[in-house]
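# Understanding the architecture of this molecule
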Amino acid sequence: MSVLDVRNLSVQYLTENGASEIIKDISFKVEKGEIAGLVGESGSGKSTAMLAVMGLLGDRAVIRADQITVSKEKPVPGKNVAMIFQDSLSCLNPSVKIGRQITETVRARRKCSRKEAEARAEELLDMAGIRNPALRMRQYPFELSGGMRQRVVLAIALACEPDLIIADEPTTALDALVQAQILLLFKRIVRETETSMLLVSHDMGVTAAMCSRVYVMHEGQIVESGAAEDVFYSPSEEYTKRLLNDARGDSLSGYGHESIENAAGGTGDIYGKAPVFRMEHVTKIFDESEGIRDLSLEIRKGEILALVGESGSGKTTAARILTGILKEDGGTLYYRGNELNRDSRMDAFAGRVQMVFQDPYASLNPCLTVREALEEALRAAGTRAVLSPETAEHAGHPESRSAHRNREKGRMEEKIDRMLRLTGLSPEDADRYPGDFSGGQRQRIGIARALIVEPEILVCDEALSSLDATTREQILELIFRIQRKIGFACLFISHDIHVVRRISDRIGVMYGGRIVEKGETKKICSDPWHPYTKQLIEAVPEPDPLRAAKIKAAPLKDSTGDGKGIEQSGCPFAGRCGYALECCGKEIPESYLFEGREVSCFLYSDRHSGRRSSDYKMTSQI
């Protein structure tokens, strides 16, 4: 029996230039107890279709359909259909405690007493995988991690007792381990409650792990549909084949360790160079569960160093210290071998470190054209970024100020045009505003703004996590191509192992504010030594239904810090480790070095795991 039945749905938006058709006669359904998937690139119309089903599109939208029913009735949000969105924090009232938000939903649905509603709320939190629900009932959304907030949103959806849950990109912003836990939770909820689910996603791996039926959407139309195995293993449409190729990385000419080796003249050419930037034993603590502790890393010219780990592991804190946004509590920083003074760090860098952020729209001024944004970046970086060395040498001469000003303007325009072409845009785009571009194009603008000042270090902080597979591959290819051409060092921060294994030379795996494993990306991803690294890799869903169905996820330690505390006496991962020794709860492991790989785990310590012979070649102990 079909729980959701949509037939010939069309959506038009009324604009000043007439009607614009976004959805064109699409039909789809979800059976009872089924998880169906709607996949496609950003802008394909997936979310618009879901909002049309929910009746949330507003007055500018004209909706036509032969039928839209949930359990043979019209969809009623909060009654027979509930929706889970991508950003859990924006779905929750930040000023209202978790318990009250769930309780009010329960009372609106069941018309019961407050005491009965509170008991039901605790039951729902427990069902959603949150331990100690009584404690969580008394907390505010900002006190919970991203994964826990998504569980709370699921509990609220279940409080509606719906026949159908629509999940729109529910795990996009989550790290691999938390994503795996949420996906397994969704499967269990559907199985135990017989609630149906429609999963909307641009992630082919997530879709493969979750769905028995798949609809592929492109430019407002459903171009292919069928059982998940048929769509993934025998796609008939070229668009579907391209989506799968992009998800697997098959469409790329190849990059990462091998390509950089060729571009830079061999890995020895990179690893033999002195670091451009180095951190030694850096500590930055915000509270007992946030920050970094005793962090050491180095970045060499021409290499891409990746930092991976779950949300709250300290990746962004490390990046902000590198860029000078934050000041460390302790430790030492070096630039080109010289120790950096904390107070004069920004003068020493002078625009030589630039950052590309996760949300390009939030990081661009909507009131500035692309040209104005790039000019602003050039002026902020100073004369060095705008003028050639010869011109800059004479820039201060009074007699030639006017000539230099004109020359500066001309060179600035020339540089902007060249950078736009380099990042896959055109000079004609310079006079448009950020709102006129797609998400992928805005990220290209963000990259152009960062690179136009000719930085020595580029920091990409989750720069691809919100992009669909095709756009993500284009931006990855762009970053690598420009990096290979210009030769800047890159710190690439991500929670997506699947991405970093293909773009980076070396990788540092962070947990609880510390680097637990560091070395060549190819070796670590093919043969992880630290238990946490192994969990991260196993949690990444592949765009293959049979392999993705075996996705693994270890339970999270449900404490206020969500297991990520840095102020603890033992190894921060001990509570989640299946290999933990007695010493792991009492001591923090030091970093053990074996042929270029560093690992912080007592399994690799002679003192705790037994002395090995002098000719023993260390291998993975897990």
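Look above for the structure.
Now for a description of the structure that goes with this document. Since the structure is predicted, the reported quantities are computational estimates derived from the model, not experimental observations.

This brings us to the sheet that holds strand β22 (residues 597-599). Spatially, the eight strands line up as an open sheet ordered β16-β17-β18-β13-β19-β20-β22-β21, and their pairing is mixed. Looking at the sheet topology across the chains shown, the edges are occupied by β16 (353-356) and β21 (592-594). Between one strand and the next, the sheet's axes are offset by a mean angle of 20 degrees, whatever the strand orientation. Where strand β19 (residues 506-511) lies against strand β20 (residues 514-520), six bridges are found, and the strand directions are antiparallel. Its bridge partner being in β20, Tyr 511 is matched across the sheet by Arg 514.

Packing of helix α3 (residues 98-110) against helix α4 (residues 114-127) brings their axes to within 8 Å, and their N-to-C directions diverge by 115 degrees. Here α3 lies roughly perpendicular to α4, going by the angle between them. Crossing handedness for the pair α3 and α4: right-handed. From α3, Ile 98, Ile 102, Thr 103, Val 106, Arg 107 and Arg 110 reach across to α4, where they touch Arg 114, Ala 117, Glu 118, Arg 120, Ala 121, Leu 124 and Leu 125.

Buried residues dominate β20, accounting for six of its seven residues. Between the antiparallel neighbours β19 and β20 lie two residues, among them Gly 512 with a positive phi of about 60 degrees. Note that β20 and β22 share two bridges and pair antiparallel. When the bridges of β22 are listed, Lys 518 appears paired with Glu 598.

A word on the nonpolar core. Grouped together as the largest cluster of nonpolar side chains are 117 residues, with contacts concentrated most on Ile 102, Val 152, Met 210 and Phe 492. With 10 residues, helix α7 (residues 176-193) is the single largest residue contributor to this core. Beyond its immediate sequence surroundings of up to four residues, Phe 492 is in contact with Ile 304, Leu 305, Ala 306, Leu 307, Cys 460, Leu 464, Leu 476, Ile 479, Val 499, Val 500 and Ile 503. Among the nonpolar cores identified, the runner-up in size contains 29 residues, and Ile 26, Met 54, Val 81 and Val 200 belong to it.

A few words now on the environment of Thr 15. By the secondary structure assignment, Thr 15 is in strand β1 (residues 2-15). With 45 residues separating them along the chain, Thr 15 and Arg 60 place their C-alpha atoms 7.9 Å apart.

This brings us to unusual backbone geometry. For Lys 111, which is not glycine, the phi torsion reads 55 degrees and is therefore positive. Its place among the elements puts Lys 111 in the loop between α3 and α4. The phi dihedral of Asn 132 is positive, around 50 degrees, even though this residue is not glycine. As for its placement among the helices and strands, Asn 132 is situated in the loop between α4 and α5 (133-137).

In terms of burial, helix α13 (residues 315-323) is largely enclosed, as seven of its nine residues are buried. Turning to α13, its buried residues are Lys 315, Thr 317, Ala 318, Ala 319, Ile 321, Leu 322 and Thr 323. Following α13 by one or two positions, Gly 324 adopts a phi angle in the positive range, close to 90 degrees.

Here strand β18 (residues 489-494) lies mainly inside the structure; six of its six residues are buried. In β18, alternate side chains face the same way, and those of Ala 489, Leu 491 and Ile 493 on one face and Cys 490, Phe 492 and Ser 494 on the other are all buried. Two elements, strand β13 (residues 304-308) and β18, share five bridges in a ladder whose sense is parallel. For Val 308, the partnering residue across the bridge sits in β18 and is Ser 494. Where strand β17 (residues 457-461) and β18 come together, five bridges link them in parallel fashion. Paired with Cys 460 across the two strands is Phe 492, which belongs to β18. Traced from β17 through helix α21 (residues 469-486) to β18, the parallel crossover comes out right-handed.

Moving on, we come to the sheet that holds strand β6 (residues 81-84). The six strands lie next to each other as β6-β7-β8-β3-β9-β10, forming an open sheet whose pairing is mixed. Of all the strands in the sheet, the pair left with one neighbour each is β6 and β10 (221-227). Pairwise comparison of adjacent strand axes, ignoring direction, gives a mean angle of 15 degrees for this sheet. Strand direction decides the pairing type here: β6 and strand β7 (residues 164-168), joined by four bridges, are parallel. When the sheet's bridge partners are listed, Val 81 is paired in β7 with Leu 164. Running at roughly 150 degrees to β6, helix α1 (residues 46-54) makes contact with β3 (35-39), β6, β7, β8 (196-201) and β9 (213-218) of the sheet. Along the sheet, helix α10 (residues 238-248) makes contact with β9 and β10, crossing β9 at roughly 105 degrees.

Turning to the packing of α4 against helix α6 (residues 146-159), a few remarks are in order. Two elements in contact, α4 and α6, have axes separated by 9 Å at closest approach and are oriented at 125 degrees. Judged on the interaxial angle alone, α6 and α4 are oblique. In the packing of α4 onto α6, the handedness of the crossing is right-handed. For the pair formed by α4 and α6, the contact residues are Leu 124, Leu 125 and Met 127 on the first element and Val 152, Ala 155, Leu 158 and Ala 159 on the second. The residue makeup of the contact of α4 with α6, split by class, is seven nonpolar, no polar and no charged.

About the criteria used
- Residues numbered from 1 in each chain as written.
- Predicted model: local features only at pLDDT ≥ 70, side-chain atom pairs only at ≥ 80, totals over all residues.
- Heavy atoms only, no water.
- Pairing = 2+ DSSP bridges.
- Helix = DSSP H or I, 4+ residues; strand = E, 2+ residues; numbered from the N terminus.
- Axes fitted to C-alpha atoms, helices over the stretch in contact; angles between N-to-C directions.
- Parallel < 35°, antiparallel > 145°, perpendicular 65-115°, else oblique.
- Left-handed = near helix turned anticlockwise from the far one by under 90°.
- Contact = heavy atoms within 4.5 Å.
- Buried < 20%, exposed > 50% of the residue type's maximum accessible area, 1.4 Å probe, protein only.
- Core = buried A, V, L, I, M, F, W, Y, C linked by side-chain atoms within 4.5 Å.
- Right-handed = clockwise from strand over helix to strand, strands pointing away.
- Nonpolar A, V, L, I, M, F, W, Y, C, P; charged D, E, K, R; others polar.

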